[in-house]
Amino acid sequence: MLNALSPTSVVASRAFFPPLLAAGFLLLLVVLASLLYGAGPVSASDAMAALMANGTEEAWFVVTELRLPRTIIALVTGLALGLAGALLQSMTRNPLAEPGLLGVSAGSGFAVALAILLGATTATLTTLAAQLGALVGCALVIAATRVQGLGNDPVRLVLAGATMTGLLLALTSMLMLMDQRAADEIRFWITGSVAGKPLSMLWATIPSITLALVLMAIVARPLAAMALGEKAAVGLGHHPGRIRFLITFTVALLVGSATALAGPLIFVGLVVPFIARAFSGPDIRKTLWLCVPVGPAVVLGADVVSRLIAAPAEMPLGVVTALIGAPVLLAIVRAGRMPSL
């Protein structure tokens, strides 16, 4: 099953290769922009000179110690959220199923806030708490899809998720009232940002993300079969219940890792699969491949915008992703028909 995501099987269509190549090229441009532009006094020309080993010590420090770690963390966060959104939408067969809209990110965020309040100081503990919270959120999503009349209606499912998100955010606010010291840290983290995050946080999430990628490779082909219906998937030798469990666990690992790194970013898991499906069609395997460059490009691009839109100050990354994602959500809801999954 591991060859379900092999390039020979996925990039078999000539029509699929140009979008994948274009997305990869766009990602390279966004990475370069992230290294060159920022809200600080180091200009793009100074940063380019530093990259060419001809810049000042200040420019070299800003590029290598501030912008480069920020870029890497944004790339990993975008990859995780993009793949998680695609998996969640395919599992629920709902184009509006997004971790930030259905309470998965909020559950992860609440768990991290609770961990901070209880004194968690290591990146490993924060990551573990985020993943446990995301796992509970995923379980609630699955339970919601089993409610008669709810799982088949994308808009009603999102409304149920919004209710759960509101409840979890209220509980997180209550935690902030209990400890002013922890409240300042939680408040900065919950707005969503990749600024000032040490790479030690990234190293703590690498094992989880690696495991998630392996599980994703295993479930990709059975998930594509489930798009034909559960009876068809069973006839092909797959076990839908087992596949749903693996997807739930995979999404929890991805969303938990992304939330631990950058806070709860809403709409990323909606926008990235929406863009990928526009070029890949309903095949989940092709969608996942396109999410690999598109997800990092969206989050890193939003981070670059967050640095420049209010310079010399910075706008929270979570605000920018919400501004990008809200029109996409409205476009999907107002469409004459939901995209085919």
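Sequence order as written defines residue numbering, which begins from 1 separately in each chain. Reporting of local features is limited, given that this is a predicted model, to residues whose pLDDT is at least 70; pairs of side-chain atoms are given and counted only at 80 or more, and all residues count toward the totals for whole chains, interfaces and linings. Hydrogens are left out, water is left out, and the side-chain values use all remaining heavy atoms of the structure.

1. Details of the overall build of the protein chain
Part 1 of the argument: Within the protein chain one finds 14 helices and zero strands.
Part 2 of the argument: By sequence separation, contacts in the protein chain at least 24 residues apart represent 77% of the contacts at least 6 residues apart.
Part 3 of the argument: Working note: accessible area of the protein chain is about 15200 Å², and carbon and sulfur atoms make up 71% of it. A helix here means a DSSP run of H or I that spans at least four residues, while a strand means a run of E at least two residues long, and both kinds are numbered starting from the N terminus. Residue contacts are counted whenever heavy atoms from the two residues lie within 4.5 Å of one another. In short, Shrake-Rupley with a 1.4 Å probe defines the accessible areas, and a residue's cover is counted only from the protein chains shown.

2. What about the confidence of the model for the protein chain?
Part 1 of the argument: Confidence in the prediction of the protein chain, expressed as mean pLDDT, is 84, and 88% of residues score 70 or more.
Part 2 of the argument: Note on residues 1–12: pLDDT is under 50 here. Beyond four places in sequence and across chains, it has 32 contacts. Looking at any residue, its pLDDT shows the predictor's confidence there, from 0 to 100.

3. Quick look at helix α9 (residues 199–226)
Part 1 of the argument: Expected span of a helix: the number of residues minus one, times 1.5 Å. In this model, α9 (28 residues) spans 38 Å end to end at C-alpha, consistent with the 40 Å of a helix rising 1.5 Å per residue.
Part 2 of the argument: Fitting one axis to the seven residues ending at a residue and another to the seven starting there, the bend at that residue is the angle between the two axes. Val219 marks the point of greatest bend in α9, at about 40°, and the proline Pro222 comes within the next four residues.

4. With respect to the pattern of salt bridges
Part 1 of the argument: One speaks of a salt bridge when a side-chain nitrogen belonging to Lys or Arg is within 4 Å of a carboxyl oxygen belonging to Asp or Glu. The tally for this structure, following the rule as stated, stands at four salt bridges.
Part 2 of the argument: Between Asp283 and Arg285 there is a salt bridge, with its nearest N and O atoms 3.3 Å apart.
Part 3 of the argument: Asp283 gets classed as partly exposed once you look at its relative accessible area, which sits at 25%.
Part 4 of the argument: Only protein chains enter the accessibility calculation, which uses a 1.4 Å probe. A residue is then buried if its area is under 20% of the maximum for its type, exposed if over 50%, and partly exposed in between. Judged by relative accessible area, which is 24%, Arg285 ranks as partly exposed.

5. Things to note about the packing of α9 against helix α11 (residues 240–262)
Part 1 of the argument: Under this scheme, a helix contributes an axis fitted over its contacting stretch, all axes are lines through C-alpha atoms, and angles between N-to-C directions fall in the 0 to 180 degree range. Where α9 contacts α11, the axes come no closer than 8 Å and their chain directions differ by 150°. Comparing the axis directions of α9 and α11 gives the class roughly antiparallel. The handedness of the crossing between α9 and α11 is left-handed.
Part 2 of the argument: The nonpolar class holds Ala, Val, Leu, Ile, Met, Phe, Trp, Tyr, Cys and Pro. Asp, Glu, Lys and Arg form the charged class, and all remaining residues, Gly among them, are polar. Residue composition of the contact of α9 with α11, grouped by class: 20 nonpolar, four polar and one charged. By definition in this entry, angles of less than 35 degrees are roughly parallel, angles greater than 145 are roughly antiparallel, angles of 65 to 115 are roughly perpendicular, and the rest are oblique. Each helix crossing is assigned a hand: it is left-handed if the near helix lies turned anticlockwise from the far helix by less than a right angle, otherwise right-handed if that turn is clockwise.

6. Here's the deal with the nonpolar core
Part 1 of the argument: Leu87, Ile247 and Leu288 are the most contacted members of the largest nonpolar core, which has 62 residues in total.
Part 2 of the argument: Every element with two or more residues in this core is listed here: α2 (17–36), α4 (57–92), α6 (123–145), α9, α11, α12 (268–280), α13 (284–308) and α14 (317–334).
Part 3 of the argument: Excluding its chain neighbours within four sequence positions, the residues that come into contact with Leu87 are Met216, Leu223, Ile247, Thr250, Val251, Leu254 and Leu288.
Part 4 of the argument: Core analysis: the next-biggest nonpolar cluster, separate from the first, contains twelve residues, Ile116, Leu175, Trp189 and Ala260 among them. Nine residue types can take part in a nonpolar core, namely buried Ala, Val, Leu, Ile, Met, Phe, Trp, Tyr and Cys, and a core is a set of them joined through side-chain atoms within 4.5 Å.

7. A word on a nonpolar patch on the surface
Part 1 of the argument: To count toward a patch, a residue needs a relative accessible area over 30% and no salt bridge; like charges are then connected within 9 Å, while nonpolar side chains (Val, Leu, Ile, Met, Phe, Trp, Tyr) are connected within 5 Å. Together, Leu32, Met48, Leu51 and Met52 line one region of the surface with nonpolar side chains, adding up to about 340 Å² of accessible area.
Part 2 of the argument: Mapped onto the secondary structure, Leu32 falls in helix α2.
Part 3 of the argument: Judged by relative accessible area, Leu32 falls into the partly exposed class, the value being 35%.

8. Quick notes on the packing of α4 against α11
Part 1 of the argument: At a minimum axis separation of 9 Å, α4 and α11 run at an interaxial angle of 150°. On the basis of the axis angle, α4 is roughly antiparallel to α11. Taken as a pair, α4 and α11 cross one another with a handedness that is left-handed. Of the residues in α11, those touching α4 at Ile73, Val76, Thr77, Ala80, Leu81, Leu83, Ala84, Leu87, Leu88 and Met91 are Arg244, Ile247, Thr248, Thr250, Val251, Leu254, Val255, Ala258, Leu261 and Ala262.
Part 2 of the argument: Of the residues belonging to the contact of α4 with α11, the class tally is 16 nonpolar, three polar and one charged.

9. Re the environment of Gly269
Part 1 of the argument: Inspection of the secondary structure assignment puts Gly269 in helix α12.
Part 2 of the argument: Overall, Gly269 belongs to the buried group, its relative accessible area being 1%.
Part 3 of the argument: Separated by 14 residues in sequence, Gly269 and Val255 have C-alpha atoms that sit 9.4 Å apart.
Part 4 of the argument: Setting aside residues no more than four positions away along its own chain, Gly269 makes contact with Leu81, Gly85, Gln89, Glu98 and Pro99.

10. Description of unusual backbone geometry
Part 1 of the argument: In this model, Arg93 sits at a positive phi of 55°, which is unusual for a non-glycine residue.
Part 2 of the argument: Although it is not a glycine, Phe267 sits at a positive phi angle of roughly 80°.
Part 3 of the argument: Mapped onto the elements of the fold, Phe267 is located in the loop between α11 and α12.
Part 4 of the argument: Residue Phe267 is classed as buried on the basis of its relative accessible area of 9%.

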